[in-house]
Amino acid sequence: MESNSNNSTAAFINLSTLSQYFIPFGNFIFPIIIWGANKAKSTYIDEQGKQTINFQLSLFLYTLILVMVAIPIVVIAFFNNISFDTFISNEEVLVENFDFSNMTAALTIALCAIALLIALKIAEFFLIIYASLKTSNGDNFKYPFTIKFIK
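Structural notes, computed from the coordinates. Predicted model only: the values in this text are computed from it and were never measured.

### Regarding the environment of Val69
Then step 1. Here Val69 lies in helix α3 (residues 43-80).
Then step 2. Spatially, the C-alpha atoms of Val69 and Ile114 are 9.2 Å apart, while their sequence positions differ by 45 residues.
Then step 3. Setting aside its immediate chain neighbours within four residues, Val69 contacts Ile109 and Ala113.

### Describing the nonpolar core
Then step 1. Counting residues in hydrophobic clusters, the biggest one holds 11 residues: Leu18, Phe55, Leu59, Leu66, Ala70, Ala113, Leu120, Ile128, Ala131, Phe141 and Tyr143.
Then step 2. Taken together, the elements giving at least two residues each to this core come down to α3 and α5 (104-136).
Then step 3. Once you skip the residues sitting within four places of it in the chain, Leu59 turns out to touch Leu120 and Glu124.
Then step 4. Listed in part, the 5 residues of the second largest apolar core include Ile13, Ile34, Ile45 and Ile53.

### A short note on the pattern of salt bridges
Then step 1. Under the defined criterion, the tally for this structure stands at 4 salt bridges.
Then step 2. Across the pair Glu124 and Lys121 runs a salt bridge whose closest N-O atoms are separated by 2.9 Å. With Glu124 and Lys121 both in helix α5, this residue pair falls 3 residues apart, about one helical turn.
Then step 3. For Lys121, a relative accessible area of 32% translates into the label partly exposed.

Cut-off values and rules
- Residues numbered from 1 in each chain as written.
- Predicted model: local features only at pLDDT ≥ 70, side-chain atom pairs only at ≥ 80, totals over all residues.
- Heavy atoms only, no water.
- Helix = DSSP H or I, 4+ residues; strand = E, 2+ residues; numbered from the N terminus.
- Contact = heavy atoms within 4.5 Å.
- Core = buried A, V, L, I, M, F, W, Y, C linked by side-chain atoms within 4.5 Å.
- Buried < 20%, exposed > 50% of the residue type's maximum accessible area, 1.4 Å probe, protein only.
- Salt bridge = Lys/Arg side-chain N within 4 Å of Asp/Glu carboxyl O.

Below you can see the structure in the form of structure tokens.
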């Protein structure tokens, strides 16, 4: 009975990260609260809580890096390839005013970063569900590509 309760708590820690879709930073707040309240009860809950929080911190870092790559490239490419005469003469900014010939490399890098970000978020969703299923069965689950912030 006790291991079943521990398995449910570990699964709930993983599932609580899905609150990020409703509450900003819910993927950090709720797992930390649940883990903090239950980590003394079981080493299994303690281990799975650390895994979940480390995974969320790692994803936050990866997302931050990808955004820091994509946004400046798009902004710089935009301003380098539009004529400022358009802004001075109060004309509308049209697609005709852009010079797309010099933007291909920069936009390719930015689009790759955006595609990686989308793939990362999709993988995160399915990994959370998979981890919840594994931990509810009592299996020790380790998230891939996780940096150990909390040991």
